[in-house]
Amino acid sequence: MRAGEGCFTIAEGDIVPNHSVLVQVRIEDALSHVERARQAGARILTEPTDQMYGERQYDAEDFHGHRWNFTETIADVEPESWGGTSVNL
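Thresholds applied
Residues numbered from 1 in each chain as written. Predicted model: local features only at pLDDT ≥ 70, side-chain atom pairs only at ≥ 80, totals over all residues. Heavy atoms only, no water. Core = buried A, V, L, I, M, F, W, Y, C linked by side-chain atoms within 4.5 Å. Buried < 20%, exposed > 50% of the residue type's maximum accessible area, 1.4 Å probe, protein only. Helix = DSSP H or I, 4+ residues; strand = E, 2+ residues; numbered from the N terminus. pLDDT = per-residue confidence, 0-100. Pairing = 2+ DSSP bridges. Axes fitted to C-alpha atoms, helices over the stretch in contact; angles between N-to-C directions. Contact = heavy atoms within 4.5 Å. Salt bridge = Lys/Arg side-chain N within 4 Å of Asp/Glu carboxyl O. Phe/Tyr/Trp six-rings, centres within 6.5 Å; stacked < 30°, edge-to-face > 60°.

By size, the foremost hydrophobic cluster in this structure holds 8 residues: I27, A30, V34, A37, I44, Y58, A60 and F70. The set of elements that each furnish at least two residues to this core consists of α1 (30–39) and β5 (55–61). Top element by residues in this core is α1. It accounts for 3 residues.

Averaged over every residue, the pLDDT of the protein is 84; residues scoring 70 or more account for 78%. Averaged pLDDT values over the elements of the protein bottom out at 48 in strand β1 (residues 2–3) and peak at 97 in strand β4 (residues 43–50).

Turning our eyes to something else, we now look at the sheet that holds strand β6 (residues 67–73). Reading across the sheet, the 4 strands line up as β3-β6-β5-β4 and stay open at both edges, with mixed pairing between neighbours. This sheet does not close on itself; its edge strands, each paired only once, are β3 (23–26) and β4. Across the sheet, the axes of successive neighbouring strands diverge by a mean angle of 15°, strand direction being ignored. Note that β4 and β5 share 5 bridges and pair antiparallel. Considered in β5, the bridge of I44 is made with A60.

Take the environment of W82 next. Mapping W82 onto the fold places it in the segment after β6. Residues W82 and G54, 28 residues apart in the sequence, show an inter-C-alpha distance of 9.7 Å. When residues no more than four places from it in sequence are discounted, the contact partners of W82 are M52, Y53 and V77.

Under the criterion given, the structure shown has 7 salt bridges. Where E72 meets R56, a salt bridge forms, and the shortest distance between an N and an O atom there is 3.7 Å. Here the residue E72 occupies a position in strand β6, and R56 occupies one in strand β5, the gap between them amounting to 16 residues. Residue classification places E72 among the buried positions, given a relative accessible area of 10%.

Both the distance between ring centres and the angle between the ring planes are used here to describe each pair of aromatic rings. Inspection of every chain in the model, using the stated rule, returns 3 aromatic pairs. For the pair W68 and F70, a centre-to-centre distance of 6.3 Å together with 10° between the ring planes defines the contact as stacked. On the basis of relative accessible area, W68 is assigned to the partly exposed category, the value being 28%. Given a relative accessible area of 11%, F70 falls into the buried group.

Printed below as a string of C-alpha cells:
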C-alpha cells in the first residue's frame, strides 16, 4: 500500500509488538472513527479528547497489539496559546 510519498509494510506472524512505536493517522471525524474501530475489535486505550493545540485524538491497540493514535484537526490554534513556538520552515 502507498500513501503519498510514504510506504506501509504490513507483516503477519508472531512478532511481539514494540510499544515504543506509535503510528499517528490523520482522520476527519474522530467520534465516528472510534466507534467503527471499537466495533471492529480495536481496544480503545484513550477516548477521543480535545487537545489545547486544536486536535481531537484517541489511542487504540489493534488485535496484534500495535498502538495507533488517530487525530482530527478541530481548530487552527497558534502554538503560543498553549506554550509552543511558531517556526517558519
